[in-house]
Protein chains: 2
Amino acid sequence: MISKTPTPPYYAVIFSIVRAKVDEHEYEAMGARMFEMAMQQDGFLGLEYSPEDPSGFSLSVSYWRDEDCIRRWKQNVEHLVAQKLGKEKWYPSYSIRVARVERAYGT
Amino acid sequence: MISKTPTPPYYAVIFSIVRAKVDEHEYEAMGARMFEMAMQQDGFLGLEYSPEDPSGFSLSVSYWRDEDCIRRWKQNVEHLVAQKLGKEKWYPSYSIRVARVERAYGT
């Protein structure tokens, strides 16, 4: 579950959401589809995700080679549809932070 | 649960762990103590955390004004004890990534 990322620098997109518990099936299907598509994007390095807490809050972080990869994924047509649904229906509150990983350590 | 952070730039520390399910009480008490202490550090901007999945994996992200604040917190004496316990007993696998948040958006 911990992504094997290369030596920095690379980029992280920190996605913090509070989710409305509606359209569970549609939401899960869309999440799975977006993950499948993200993995195929040029420059995708990994995704870490941990479950929702009882309030619907969860955190996920995707890793990318550079900012251009992030921009291209953001503009992907199918992903744009998912973003629109997220804003309109699924996420009463969310935050996306794009960050440059400068150093990393661990096991 | 979503931290109200200032306009970028600022820093994020992405902490990805797989936890061994030992010393539950000691671990929880230490976690609570570290959170309480981190909040009091100069330059601390927020902490986001989501629960463990069944494998013990979880993700948390703390936000900081600058790298000096992160270094000072890393060197805090009580925090050093927690780091040692983490490495020796609690985290079979972990990753810490220090990243500069360059842009942010959301609700």
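Structure report, in brief. Computed from a prediction, not measured in an experiment: that's the story for all the values here.

Turning next to the overall build of chain A. Looking only at helices and strands, chain A features 3 helices and 4 strands. Along the chain direction, N to C, the helices and strands of chain A fall in the order β-α-β-β-α-α-β. Expected size for 107 residues packed as a compact globule is a radius of gyration near 13 Å; at 14 Å, chain A falls within 12% of this value. The dimensions of chain A, computed from C-alpha atoms along their principal axes, are 40 × 30 × 20 Å. In chain A, buried positions account for 47% of the 107 residues. Nonlocal contacts in chain A, meaning residues at least 24 apart in sequence, comprise 75% of its contacts between residues at least 6 apart. For chain A, the computed accessible surface area is about 5600 Å², with 57% contributed by carbon and sulfur atoms. A distance of 5 Å separates the average location of the 14 positive side-chain charges in chain A from that of its 15 negative side-chain charges.

Attention shifts here to the interface of chain B and chain A. Each partner contributes to the interface: chain B provides 44 residues, whereas chain A provides 44 residues. Taken together, both faces of the contact between chain B and chain A bury some 3600 Å²; the carbon and sulfur share is 56%. Contact with chain A buries area across many residues of chain B, yet B:Arg97, B:Arg103 and B:Tyr105 alone supply 21% of it, more than any other trio. In this structure, the connection of chain B to chain A is made through 4 salt bridges. The salt bridge partner of A:Glu67 is B:Arg103, with a shortest N-O separation of 2.4 Å. Where chain B packs against chain A, one counts 26 residue pairs in polar contact (both at pLDDT 80 or more). At the level of elements, strand S1 (10-18), strand S2 (44-50), strand S3 (57-64), helix H2 (67-75) and strand S4 (93-106) of chain B are the ones that each hand at least two residues to the side of chain B that touches chain A.

What follows concerns the relation of the copies chain B and chain A. Aligned on chain A, chain B shows an RMSD of 0.0 Å; the corresponding rotation is 180° and the shift along the axis is 0.0 Å. Taken together, the turn and the small shift mark the pair as related by a two-fold rotation axis. Residue by residue, 100% of the interface of chain B is reproduced at the interface of chain A, so both copies engage with the same surface.

This part covers the nonpolar core. Counting 21 residues, the largest nonpolar core has A:Ile14, A:Val61, B:Ile14 and B:Val61 as the members making the most contacts within it. Mapped by element, the contributors of at least two residues to this core are strand S1 (10-18), strand S3 (57-64) and strand S4 (93-106) of chain A together with S1, S3 and S4 of chain B. Contact partners of A:Ile14, with chain neighbours within four places excluded, come to A:Leu59, A:Ser60, A:Val61, A:Ser95, A:Ile96, A:Arg97, B:Ala12, B:Ile14, B:Val61 and B:Tyr63.

In this section: the pattern of salt bridges. Residue and element names in this part refer to chain B. One pass over the structure, following the stated rule, counts 30 salt bridges over all chains. Between Glu 24 and Arg 19 there is a salt bridge, with its nearest N and O atoms 3.1 Å apart. What makes Glu 24 partly exposed here is its relative accessible area of 34%. Among the ionic pairs, Arg 19 bridges to Glu 52, the shortest N-O distance being 2.5 Å.

Quick notes on the rules
One numbering rule holds for all chains: residues counted from 1, following each sequence as written. The lettering of chains begins at A and the numbering of ligands begins at 1, in the order of writing. Only residues with pLDDT of at least 70 are given local features in this predicted model, and only at 80 or more are side-chain atom pairs given and counted; all residues enter the totals for whole chains, interfaces and linings. Calculated side-chain values reflect all of the structure's heavy atoms, with hydrogen atoms and water omitted. The way it works is that DSSP assigns letters per residue, a run of H or I at least four long becomes a helix, a run of E at least two long becomes a strand, and they are numbered from the N terminus. Throughout, radius of gyration means the C-alpha value; the globule benchmark is 2.2 Å times the number of residues raised to the power 0.38. For every residue, the accessible area obtained with a 1.4 Å probe (protein chains only) is divided by the maximum for its type, and the residue is called buried under 20%, exposed over 50%, and partly exposed between those limits. Should any heavy atoms of two residues lie within 4.5 Å, those residues are considered in contact. Methods summary: accessible areas were calculated by the Shrake-Rupley approach with a probe of 1.4 Å, and residue burial reflects only the protein chains presented. We score Asp and Glu as negative and Lys and Arg as positive, and we do not count His or the chain ends. In this description, the location of a charge corresponds to atom NZ of lysine, CZ of arginine, CG of aspartate or CD of glutamate. Summed over both partners, buried area is the accessible surface (1.4 Å probe) that two parts give up on being assembled. Any Lys or Arg side-chain nitrogen found within 4 Å of a carboxyl oxygen on Asp or Glu counts as a salt bridge. Contacts described as polar in this section are N or O atom pairs within 3.5 Å, which, within protein, must combine one atom able to donate a hydrogen with one able to accept it, while residues neighboring in sequence count only if both atoms come from side chains. Least squares is the method used to superpose the copies, on C-alpha atoms of residues holding a pLDDT of at least 70 in both. The set of buried Ala, Val, Leu, Ile, Met, Phe, Trp, Tyr and Cys residues whose side-chain atoms join them within 4.5 Å is what this entry labels a nonpolar core.

Taken by themselves, the reported measurements are silent on function.
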